[in-house]
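Topology and contacts: notes
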Amino acid sequence: MSKFPNQLALVAVAATSVIALSVGLSERAAHTAEVAAAAAQAEADTMAAQATAPDAETTETEEVADAAPAETEAVDEGTEDTVAEATAPAEAEAPADAAATETVTAKASAEAGDTFEGGTSSPALFVGAAWAQSHESPMIGELDGISFDLGREALDEEVAAWDIDIRPDGAGLPAGSGDVWTGEEVYIDNCAQCHGDFGEGRARWPVLSGGWDTLEREDPVKTPGSYWPYLSTVWDYVHRAMPYGQAQSLTDDEVYAVTAYILYLNNLVEDDFELSQDTFTEVSLPNEDGFFMDDRAEGEIPAFSEEPCMEDCKDSVEITMRASVLDVTPEDEEAEATEAAAETTSETETQEAAAETSETESTEEVAAVDPALVEEGEGVFRKCQACHQVGDGARNGVGPHLNGVLGRAIGGIEGFRYSGVFEEANAAGEVWTPKRLGEYLADPRGAMPGTNMSFAGLRSEDEIAAITAYLSTFEAQ
Amino acid sequence: MDMKFKGKKPSRRSFLTGAAAAGAGSVAATVAKGQTAPDPAITELQDWQVYLGDGVDAAPYGMPSKHERHVVRRTVDWLTADNISSINFTPLHELDGIITPNGVCFERHHSGAAEIDPAEHRLMINGLVDRELVFTMDDLMRFPRENHVYFLECAANTGMEWAGAQLNGCQFTHGMIHNVMYTGIPLKLLLAEAGIKTNAKWVLPEGADAAAMTRSIPMEKALDDCLVAFKMNGEALRAEQGYPVRLVVPGWEGNMWVKWLRRIEVGDKPWHHREETSKYTDLLENGEARRFTWEMDAKSVITNPSPQAPLTHGPGYTVLTGVAWSGRGTIPRVDVTLDGGKSWHQARMSGPSMNKSMHRFYFEFDWDGKPLLLQSRAHDSTGYVQPTKHQLRDWRGENSIYHNNGIQTWYVNENGEAENVEIS
């Protein structure tokens, strides 16, 4: 297995090897003649349209027609070896392509008619349509001047709002900074719930620290310290997708701080370290050189491209491992239960009809809750559902399930690992009333100091009323 | 979030009990050859022969027969920390042909399936372009469209099997794949609309969901066959497949097919984001990792018989079938063995053969009732032959997680029950 010597080379190879690996190049060769034909067609259309077209736009379209033949040579050089192999897929697609081409041609003609009569359409449209006819993989130069005149220019504020990505060279990093100690506070409040106080990872959530010297062993532990090549990946990911269920809620300074803390957890910086836009690229991660560009084409693919044995290939065959010994396949119990439930539906319906009296009572109970409020509460619950489940089959996750939470003993789900403050409340016989729940949701850490729930709280009374109404619709199961 | 690829939780029932139960259920429906008493299915009036069925509009959007309720996506709880950043699997053993019905296409989300109002959805193209653009869905509908059938396979499909046979069922071992017809706009047309600068070498598609998924894609691929798709199998994308619009990256690993596509940035270098560094890189035995292993190698699996679909009819004429696909072209040939690879037979390919699409194969044989060791071996149009798991491990070790395309073995015992095994 060869390994490329350095990063820049890898990128260069990435850019060039893709074509050789995919069928695109060979198909392109097969279609080269069509490109030229389509370009000629485009030119003809353009010339026909010139009578009504402004000069500037005409020039633009001519450039496109010129670009195609130039590209033809470049493509031809690289494809001699692969043309034969790619003939089959190219042929297989041909009928579909031909049909599509006909349709587009018809459309283009219709548009041409409109143009000559009305004189309002842009000639650029012809280029686009002719271009679609060619159904080709262009090189960059060929795309010049192709336009359907659709969409609008993005405003700077809009690009700034969405363009949040960061690269290893620091491109995209906003101004800001954060130190390890600040990072620890941010981390404990927002991350430790799943990733553990020291990045050890609770349950099956990702481990963020350690794992050194495990990459060659069974069950490697891949952390920013042991595996990730670039620090920018940590910053970018925390910023775009974390905390889980509250994405993009951290400030830039908080992201710097928590990134610094993750470095600290991995013994990569001291506790007085501060990460900032200026110091960012000075940090490199230990496994930066542990990656190399896909090299299947140089080893595996030739090795796996030999005509295989068809007869008398082995003398004997033994079973060496069986999945039933490991026995980790999920059973079909849920599906069976669903089926059984569905089968008894008719019986249940009869019983329900007979028990109209009792049903009326429960209907009244439900009617007391404002449906609009419940619906609003369902929306608010999105803030909670990363950790809490409700409804049929709800299970404990990061937080306990919330079916029947109103009226339930605080800390009352058996088997769930509560914080100390919840255990104390449970021991004191305290119960979740709407009032108590409202206070907790308004200020989790104020109402229950030491709670594990890393949630800042709901700011508005309306939201609290809505979510309380929503939760009241889920009875204990 | 993190997938765990070593089994931990033993199930309560043994596999064989489950398979036997499945077999028993079908026995009633199997009519013995030497039947002497008349078959009540024929001699007695059935309800549906007498009473009226549902009128039109009973189901404005139709669902499969209630007798097909078991044909569903299923997950494996112990794989992930929760069911939001998680995966479920296509029931391959219940399907035939090459098209996957939309409702059973496997799901993989990193922050749940976003529910997006198409009227509020925008697609932005920014970066190294002449004009940074914003499109509404209405704008996108006015570009020329194309229709193509492509498979989408998660790079982690069969990832649980690197260290050995683990899950009993092709749904679980091979179900992170689906194959649908996409209707979409060639990405190159959208890039052309913005005008790519000469130093543009990479694009970064980004999702609108709470994971804001990003992947670096080389410009050559973006200009080759990528689509910005809004329909699957003729209808709008399902929410869990990226409604209202997703990227289609034919033949390349599913993680790159960014769902809920909201932005495409054009740049001169790859971004090395989380899903192309800490994830979706292939760790080899020596501790070094391959990056940018985008193409999916040729692969196949026998879907019937398989652990979830045992042979219930006893000895006699038997239909073996399965699927095959390659990220590099078509599948002109699949070989099948019944004896663990001592001898091989060419299977019969059936249905359309399309570039980077799933292919269907059949091998019909007269089963003598003796145990079988079934394998299938795909050949793709480049001459690549699907390797054995041993061959693959020789190159990559057992820690790769991703891109496991090794030959699958099912052991079928004399009762017709099938099990996931590995053989010498």
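Residues numbered from 1 in each chain as written. Chains lettered and ligands numbered in written order. Predicted model: local features only at pLDDT ≥ 70, side-chain atom pairs only at ≥ 80, totals over all residues. Heavy atoms only, no water.

Here we take up the overall build of chain B. On a plain count of helices and strands, chain B comes out with 8 helices and 23 strands. The proportion of buried residues among the 424 residues of chain B is 66%. In chain B, the proportion of contacts linking residues at least 24 apart, taken out of those at least 6 apart, comes to 73%. When the accessible surface of chain B is summed, it comes to about 14,400 Å², and 53% of that surface belongs to carbon and sulfur atoms. (Helix = DSSP H or I, 4+ residues; strand = E, 2+ residues; numbered from the N terminus. Buried < 20%, exposed > 50% of the residue type's maximum accessible area, 1.4 Å probe, protein only. Contact = heavy atoms within 4.5 Å. Areas by Shrake-Rupley, 256 points an atom, 1.4 Å probe, with all protein chains shown as cover.)

Looking now at the nonpolar core. Counting 72 residues, the largest nonpolar core has B:Phe135, B:Tyr182, B:Leu190, B:Leu191, B:Met219 and B:Val266 as the members making the most contacts within it. With 6 residues, the single largest contributor to this core is helix H6 (residues 187-194) of chain B. The residues touching B:Leu190, leaving out its near neighbours within four places in the chain, are B:Leu123, B:Ile125, B:Phe135, B:Leu140, B:Phe143, B:Ile185 and B:Val228. If you look at the next biggest cluster of nonpolar residues, it comprises 42 residues, including A:Trp228, A:Leu231, A:Ala260 and A:Ile262. (Core = buried A, V, L, I, M, F, W, Y, C linked by side-chain atoms within 4.5 Å.)

Once that is clear, we can look at the interface of chain A and chain B. Residue-level contacts link 118 residues of chain A with 139 residues of chain B. For the chain A and chain B pair, buried surface summed over both sides reaches about 11,500 Å², with 55% attributable to carbon and sulfur atoms. It is A:Trp162, A:Arg204 and A:Phe304 that lose the most area in chain A upon contact with chain B, and together they represent 8% of the buried surface on that side. There are 12 salt bridges connecting chain A and chain B. (Buried area = accessible area lost by both parts, 1.4 Å probe. Salt bridge = Lys/Arg side-chain N within 4 Å of Asp/Glu carboxyl O.)

So, about helix H17 (residues 420-427) of chain A. All names here are of chain A. All buried positions along H17 are accounted for by Val421, Phe422 and Ala425. One side of H17 carries all its buried residues, which in axial view fall inside an arc of 100°. Exposed side of H17, more than 90 degrees from the buried face: Glu424 and Ala427 are the residues found there. Immediately downstream of H17, the backbone of Gly429 shows phi near 75°, a positive value. (Arc of directions from axis to C-beta.)

Bringing the sheet that holds strand S4 (residues 133-136) of chain B into the picture now. Taken in spatial order, the 6 strands make up an open sheet running S1(A)-S4(B)-S3(B)-S12(B)-S7(B)-S8(B), and their pairing is mixed. This sheet does not close on itself; its edge strands, each paired only once, are strand S1 (152-153) of chain A together with strand S8 (217-218) of chain B. Of the strand pairs in this sheet, strand S3 (residues 122-127) of chain B and S4(B) are connected by 4 bridges, and their pairing is antiparallel. The residue of S4(B) that forms the bridge with B:Leu123 is B:Phe135. (Pairing = 2+ DSSP bridges.)

This part takes up the confidence of the model for chain B. When pLDDT is averaged along chain B, the result is 93; 92% of the residues meet or exceed 70. Taken together, the stretch residues 5-29 of chain B has pLDDT below 50 and engages in 42 contacts with residues farther than four places along the chain or on a different chain. (pLDDT = per-residue confidence, 0-100.)

One pass over the full model with this rule turns up 41 salt bridges over all chains. Here B:Asp268 ties to A:Arg167 by a salt bridge, and the two come within 2.8 Å at their closest N and O atoms. Of the two residues, B:Asp268 sits in the loop between strand S12 (261-267) and strand S13 (282-283) while A:Arg167 sits in the loop between helix H6 (156-162) and strand S2 (177-179), which places them in two different chains. Residue B:Asp268 is classed as partly exposed on the basis of its relative accessible area, which comes to 32%. The exposure class assigned to A:Arg167 is buried, which follows from its relative accessible area of 12%. Sharing partners across several salt bridges, the network here consists of A:Asp294, A:Asp295, A:Arg296, A:Glu300, B:Arg290, B:Glu295, B:Asp297, B:Arg328 and B:Arg396.

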